[in-house]
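# Coordinate inspection notes
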Protein chains: 2
Amino acid sequence: MRRAIATVCLSGLLTDKLPAIAAAGFDAVEIFENDLLQCSLKPAAVRQMCADLGLAIDLFQPFRDFDAASPAQLQRNLDRAERKFDLMQTLGTDLLLVCSNVQPDAPSDPAQLAEQFALLAERAGRRGLRLAHEALAWGTHVKLARQAWDVVRRVDHPALGMALDSFHTLVLKDDPASFAAIPGDKIFFVQLADAPWVPADVLTHSRHHRCFPGQGEMDVTGFMAQVLACGYTGPLSLEVFNDEFRAAPAHANAVDAMRSLRWLEEQIARRADAAPTPTAPRAANEVAARAAAWHLELLPPAPALDGWSFVEFAADRPTADRLATWLGALGFEAVGRHRSKDVALWALGETRIVINLEPESHARRHFERHGVSVCALALASTEAADSLARARALGCQWVPAQAAADELPLPAVQTPDASLLYFCEAPAAGQRPAFEHDFLIDAEALARATRPAQGAQVDHLVRALPGGQLEPWLLFERAVLGLTPRRNTVLNDPYGVSRSREIESDDGRIRTSLVVSERHPTAVTRTVSRYNGAGVQQIAIAVPDVLSLARSLRRAGAPLLPVTENYHDDLDARFGLDPAFSSALREAGVLYERDAQGGEYLHVYSAPFDDRFEIEFVERRGGYALYGSTNAPMRLAALGEWRRAQAAAAQDGAAG
Amino acid sequence: MRRAIATVCLSGLLTDKLPAIAAAGFDAVEIFENDLLQCSLKPAAVRQMCADLGLAIDLFQPFRDFDAASPAQLQRNLDRAERKFDLMQTLGTDLLLVCSNVQPDAPSDPAQLAEQFALLAERAGRRGLRLAHEALAWGTHVKLARQAWDVVRRVDHPALGMALDSFHTLVLKDDPASFAAIPGDKIFFVQLADAPWVPADVLTHSRHHRCFPGQGEMDVTGFMAQVLACGYTGPLSLEVFNDEFRAAPAHANAVDAMRSLRWLEEQIARRADAAPTPTAPRAANEVAARAAAWHLELLPPAPALDGWSFVEFAADRPTADRLATWLGALGFEAVGRHRSKDVALWALGETRIVINLEPESHARRHFERHGVSVCALALASTEAADSLARARALGCQWVPAQAAADELPLPAVQTPDASLLYFCEAPAAGQRPAFEHDFLIDAEALARATRPAQGAQVDHLVRALPGGQLEPWLLFERAVLGLTPRRNTVLNDPYGVSRSREIESDDGRIRTSLVVSERHPTAVTRTVSRYNGAGVQQIAIAVPDVLSLARSLRRAGAPLLPVTENYHDDLDARFGLDPAFSSALREAGVLYERDAQGGEYLHVYSAPFDDRFEIEFVERRGGYALYGSTNAPMRLAALGEWRRAQAAAAQDGAAG
């Protein structure tokens, strides 16, 4: 299908937006009037610029509040329209979006509306122009697509058709099945936006919180499947109003927009039927047939993921030495060295951490920009080549492997924060992962690493994001990796507020949490500012017995965050814990949460390394599937106490 | 009255919060349970810390979800309460806040609730403790104060009374008149919070957007007048949940909290009656009598303000030379020099600008921290001494005058961004302002400055604030200066979104606008980061004929922002302007707005000086009382174009 985007989606001036849109591969634009008014280029020059960039202008918008309470006002509005028709002809576009009236005195009688729209359609038609009528969700009387269709149907003029917009339909929970009565050739234009369900009125929701399909929580797929079922064959056009996007770099945002459309097309084709409720995906041949019928372009499928193969840190020598001490104190063992590179392998149970000191490498470049940090993650994919192909089709930059002839080439893609994501082949049952063959393994150390936490592996990862990066990351993990977004959680930090969004694979094998803090001095902000961008803030490792691990680590003086006695007193009061269990929690300094079904989460946090990242040891009992977020305020306050104690110790050191 | 604050209002750890609360002059605190759980001090040590700081602990909170669907759950909740009673006795507080149940299975029958609360009251009473029952606005069944009172009334136990909270009452638009049935001695506690009317659900509204009374839009005064009319004599306690406050420095925030309470007490006393609708203020003796009866402390009154006397810039010599060139190009004239200081006086019509280069001065210190910027504003007050006394009573720092013996001493107070605010005596009719006597005036220059813009004076000021500074500034201008907050406006910048809040004197003589941008690269953020804090971003000057002034300035090549032809084409289409007027607007490059009553606003902006501040020339016609904000996107885009042209010119210069 033809792909378009409204200029209002991107930041900057029109002359910045158009090149970014062209570079991302769009066929066409909707010109938003304000962008034109602000532009020092005259309309003819804008037309030329679009032509030079290979962009068609598919629509000009919006024309507001056309229908009128009085004949005099109607005449003024018709005159106003003629001026805009002149402009459209200069721009070289034939389609004008006319949205429903939001004025308090707007006419409500469909017959009267039809009479007025007939006059407008007649004038447009005389010039070879067309009008797409759109119901705004906050229109005074015309709020729903079926109300706008009632007007268009009555007028029955070839120059008047419908504009359908997923946001306006879905935000009012209107049923797209109501489109069934509209013939496809009377749908002149389709605009697409998603949005999270935020507690806001419809207008605020629309003006500030829209996002690209897949970044929000609305069923844009179901909406679009219904529109296509009507026989619509025009462009898919994105129209998003979002405070973050207005501030984001236009080029990256345009790439995200295209990723969203590509993902959406796949979702539509895979939808088992056109009804707007999700059902099981169709068989591959059916999907392909449907995609062909509707001119949808399919992506390589998203293979199942089998966990995290390794977490790779970038460091220089002195930091790597400190990091080694820290990992050692937390129970990790150095188990191997790379055959040809300055790279060390660490382990605890089945968890693998790589510390990369190689001088000419992505890790080194990452270190120079971000300091000690997670520079790469490796995912075990059941079809690594497919995972890679899908990522590339979705606009991810491919990073070729740097491997010697006898080593495993691990190609990667770049993530939204320019760290790397490797796709490793998931090992067959009982096999070691292939990447370990590039390491000289110390068998005794490996045994020591395996023993205290048999089977321990990464449970989840928490990524701290700068404000405005949540939507790009959500789309990346959802579209590229095939993960599913879950809960939003507010985290109260003693120094501000952060928000987290969980996103997981359907089998729970991959869990990640994206946390964002706005400009406040929270722990998340501290991590972001230390990292110079997004970064992995927490590596949570599932262990078989967190109480015994935490107890032995605390005895050995490991850098674990303290837990207050007042917290444990309250746990007893809240849950009436068994005294033996309660004292085990106290002794080990382990946090506790219980879900509504009685599932339990026991967890303990390391102190942060350089205010950057920390390790969480977790134990899930009885099907607990959350992230222990009720304990977040405790962790964040403990972090504050710990930081203060560090500062006091440093002052004492300086004084002594 | 006794003044208290909940520890949750402030950022940081409990051990940070308590000293800040004590320093701001509070009598007591409410200890919020999470603060205690996070604290490494045991409860007895917290009690001691409060005692050492002279703070009583008036309340411990919250005890949630007490009433129970099953006898077993009820027993668990009673056991849980006993543990909290132990804790309260260790803390040395006798009052526990028990809020209404928010669980889906909460009991709804008032008789059953009364039965359960009677058990709890009995147990509390046995220990000499008391319970304050609060209706949460999002309680499952008990949402309104009258529903909570129904339970308390049925129980009729001396240990059970009410907690009333202004937020919970006002957010549901419940009428405080419903308290009339509650005897004052059954109101055990009163919590106060204000909030803006944001489009959010009640829980989100409460958890993230509460603010101190006077910072929001709710009628906290009417609420409190009604509570006092019941005979309540307990503490006034602030309880605010706010994302910004969680991130703000605790000390400054505690000072704001006290300012809010002092202002609120005055408002209550001035309210003509206890009904929760505003009416004309009472005569002074009645106000005093009422304040005495209710133990409210009055402030010195806020005198009427008669406009801005002058705007003072801090600069060093080279910047002052550039600033002089810029002002000169915009039509200002240098009209005088200070008798003893290195200070210049500039004028346009009646507008006065002071450029202060004095080496040992507040201006110099301000310059060193913020660069060229507005370091002080002078307000003409009808009773300057009263204005000053009121500001000091509200916790503003007083800055003594630095004046020679024969010069006018101009004492000042420090504003929330550490710039100065002078209060000048408003001159009698036909008199020159007293501060001008300290300057040697060049009469010819003064005549030149007066002629082109007879009577021109400051129309309004726009202050660019860092995120989180809106509430402190609103309270400062409202409480200290007696201004009234008006509209909120969203400003779309090509590179993000800003929000503005207008605050004015009732006669429109003083108008200011506070603009905030979150972390986006907007013009507001650029100003804030250049200034290293808050700063005056726009000085709007009302002139008698903006068209002729702009035309002559543009002819002379003055640094005015361009206006696009596309904008003027659209003005014609929108308003059907008279062709002669339209071409006058085009020729002068003047922006135009018309309000619903036909009032008109003609305005033009200078280019910014060093990305910091700009001058707007405005003309109000036909009673127009707004700020031209529909043209903000045009201004902001023009700023983007202008900045790009500057950068291109600089590159050409560098290349040539």
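Residues numbered from 1 in each chain as written. Chains lettered and ligands numbered in written order. Predicted model: local features only at pLDDT ≥ 70, side-chain atom pairs only at ≥ 80, totals over all residues. Heavy atoms only, no water.

## Overview of the UniProt feature "binding site: a divalent metal cation" (unreviewed entry) in chain A
Residue and element names in this part refer to chain A.
- When the UniProt feature table is mapped onto this chain, "binding site: a divalent metal cation" (unreviewed entry) is found at Glu134, Asp165, Gln191 and Glu239. These annotated residues cover 106 residues of sequence, and their C-alpha atoms all fall within 13.0 Å of one another, placing them together at a single site.
- Residue placement: Gln191 occurs in strand 7 (residues 187-192).
- Exposure remark for Gln191: the relative accessible area of 0% places this residue in the buried category.
- Gln191 has contacts with Glu30, Leu59, Gln61, Leu97, Glu134, Leu164, Asp165, Ser166, Phe223, Ser237 and Glu239, leaving out every residue within four places of it along the chain. (UniProt positions renumbered as here; feature names shortened; annotations may be inferred. Helix = DSSP H or I, 4+ residues; strand = E, 2+ residues; numbered from the N terminus. Buried < 20%, exposed > 50% of the residue type's maximum accessible area, 1.4 Å probe, protein only. Contact = heavy atoms within 4.5 Å.)

## What to know about the UniProt feature "signal peptide" (unreviewed entry) in chain A
- The sites that UniProt annotates as "signal peptide" (unreviewed entry) are residues 1-22 of chain A.
- For residues 1-22 of chain A, the helix share is 41%, the strand share is 18%, and the end-to-end C-alpha distance is 16 Å.

## So, the sheet that holds strand 10 (residues 333-338) of chain B
Residue and element names in this part refer to chain B.
- Read across the open sheet, the 9 strands follow the order 14-15-16-13-9-12-11-10-17; overall the sheet is mixed. Each end of this open sheet is capped by a strand with a single partner; those strands are strand 14 (398-399) and strand 17 (439-441).
- Pairing of strand 13 (residues 373-381) with strand 16 (residues 420-425), which is carried by 6 bridges, proceeds in the parallel orientation. Across the sheet, residue Ser381 finds its bridge partner in strand 16, namely Glu425.
- Each of strand 10, strand 11 (343-348), strand 12 (351-356) and strand 17 is contacted by helix 16 (residues 443-450), which is oriented at about 140 degrees to strand 10, the strand it contacts most. (Pairing = 2+ DSSP bridges. Axes fitted to C-alpha atoms, helices over the stretch in contact; angles between N-to-C directions.)

## A word on the interface of chain B and chain A
- At the junction of the two partners, chain B supplies 56 residues and chain A supplies 56 residues.
- Taken over both partners, the interface formed by chain B and chain A buries close to 4600 Å², and the fraction arising from carbon and sulfur atoms is 51%.
- Taken together, the connections running from chain B to chain A amount to 9 salt bridges.
- Where chain B packs against chain A, one counts 19 residue pairs in polar contact (both at pLDDT 80 or more).
- Here the side of chain B that touches chain A is built from residues that sort into 19 nonpolar, 16 polar and 21 charged. (Buried area = accessible area lost by both parts, 1.4 Å probe. Salt bridge = Lys/Arg side-chain N within 4 Å of Asp/Glu carboxyl O. Polar contact = N/O pair within 3.5 Å; in protein donor to acceptor, adjacent residues only side chain to side chain. Nonpolar A, V, L, I, M, F, W, Y, C, P; charged D, E, K, R; others polar.)

## Here's the deal with the packing of aromatic side chains
- For the structure shown, the criterion picks out 31 aromatic pairs over all chains.
- Measuring from ring centre to ring centre gives 5.3 Å for Phe609 of chain A and Phe613 of chain A, while their planes differ by 15 degrees; the resulting arrangement is stacked. Each member of the pair, Phe609 of chain A as well as Phe613 of chain A, carries the same accessibility label: buried.
- On the numbers, 5.7 Å between centres and 75 degrees between planes, the contact of Trp473 of chain B with Phe476 of chain B is edge-to-face. With Trp473 of chain B and Phe476 of chain B both in helix 17 (residues 470-480) and 3 residues apart, this pair spans about one turn of that helix. The same class applies to Trp473 of chain B as to Phe476 of chain B, namely buried.
- Against the face of Phe63 of chain B rests Arg80 of chain B, its NZ or CZ located 4.4 Å from the ring centre.
- Across the ring face of Phe188 of chain B, the terminal group of Arg130 of chain B is positioned such that the distance to the ring centre comes to 4.7 Å. (Phe/Tyr/Trp six-rings, centres within 6.5 Å; stacked < 30°, edge-to-face > 60°. Lys NZ or Arg CZ within 6 Å of the ring centre and 35° of its normal.)

## Here we look at helix 3 (residues 43-53) of chain B
- Buried within helix 3 of chain B are the following residues: Pro43, Val46 and Cys50 of chain B. Within helix 3 of chain B, the buried residues cover an arc of 55 degrees as seen down the axis, which keeps them to one side. Facing away from the buried surface of helix 3 of chain B by more than 90 degrees, the exposed residues are Ala51 and Asp52 of chain B.
- The inward-facing, buried residues of helix 3 of chain B abut helix 20 (565-575) of chain A together with helix 1 (14-23), strand 2 (28-32), helix 2 (33-37), strand 3 (56-63) and helix 4 (71-91) of chain B.
- Among the residues trailing helix 3 of chain B, Gly54 of chain B stands out with phi positive, at a value near 75 degrees. (Arc of directions from axis to C-beta.)

## Topic: the sheet that holds strand 20 (residues 496-504) of chain B
Residue and element names in this part refer to chain B.
- Across the sheet, 8 strands lie side by side as 19-20-21-18-22-25-24-23; this open sheet has mixed pairing. Of all the strands in the sheet, the pair left with one neighbour each is strand 19 (484-493) and strand 23 (591-594). Across the sheet, the mean angle from the axis of one strand to that of its neighbour is 25 degrees, orientation sign disregarded.
- The sheet contact formed by strand 23 and strand 24 (residues 600-605) spans 4 bridges and is antiparallel. Residue pairing across strands places Leu591 opposite His603, the latter belonging to strand 24.

## Some details on the side chain of Glu239 of chain B
Residue and element names in this part refer to chain B.
- Within the secondary structure, Glu239 sits in the loop between strand 8 (236-238) and helix 10 (243-247).
- In this structure Glu239 comes out as buried when scored by relative accessible area, which is 3%.
- Sequence-distant contacts of Glu239, that is, excluding residues within four places in its chain, are made with Ala6, Val8, Cys9, Glu30, Phe32, Gln61, Asp165, Gln191, Leu192, Ala193 and Arg210.

## Side note on the pattern of salt bridges
- Summed over the entire model, instances satisfying the criterion amount to 91 salt bridges over all chains.
- The salt bridge partner of Asp150 of chain B is Arg154 of chain B, with a shortest N-O separation of 3.3 Å. With Asp150 of chain B and Arg154 of chain B both in helix 6 (residues 145-155) and 4 residues apart, the pair spans about one turn of that helix.
- A salt bridge links Arg486 of chain B to Asp506 of chain B; its shortest N-O distance comes to 3.5 Å. Linking Arg486 of chain B in strand 19 with Asp506 of chain B in the loop between strand 20 and strand 21 (511-517), this pair joins segments that are 20 residues apart in sequence.
- Judged by relative accessible area, Arg486 of chain B falls into the partly exposed class, the value being 29%.
- Residue Asp506 of chain B is classed as exposed on the basis of its relative accessible area, which comes to 62%.
- Ionic contacts of the salt-bridge type, sharing partners, join the residues Arg486, Arg487, Glu502, Glu504, Asp506 and Arg511 of chain A into one network.

## Describing the relation of the copies chain B and chain A
- Laying chain B over chain A is done by rotating through 180 degrees and shifting 0.0 Å along the axis; what remains is an RMSD of 0.0 Å. Put plainly, the chains are arranged around a two-fold axis. Judged by C-alpha distance, Ala200 of chain B is the residue of chain B that lies nearest the rotation axis, at 2.3 Å.
- Take the interface residues of chain B: 100% of them recur as interface residues in chain A, which is what a same-surface contact looks like. (Least-squares fit on C-alpha atoms with pLDDT ≥ 70 in both.)

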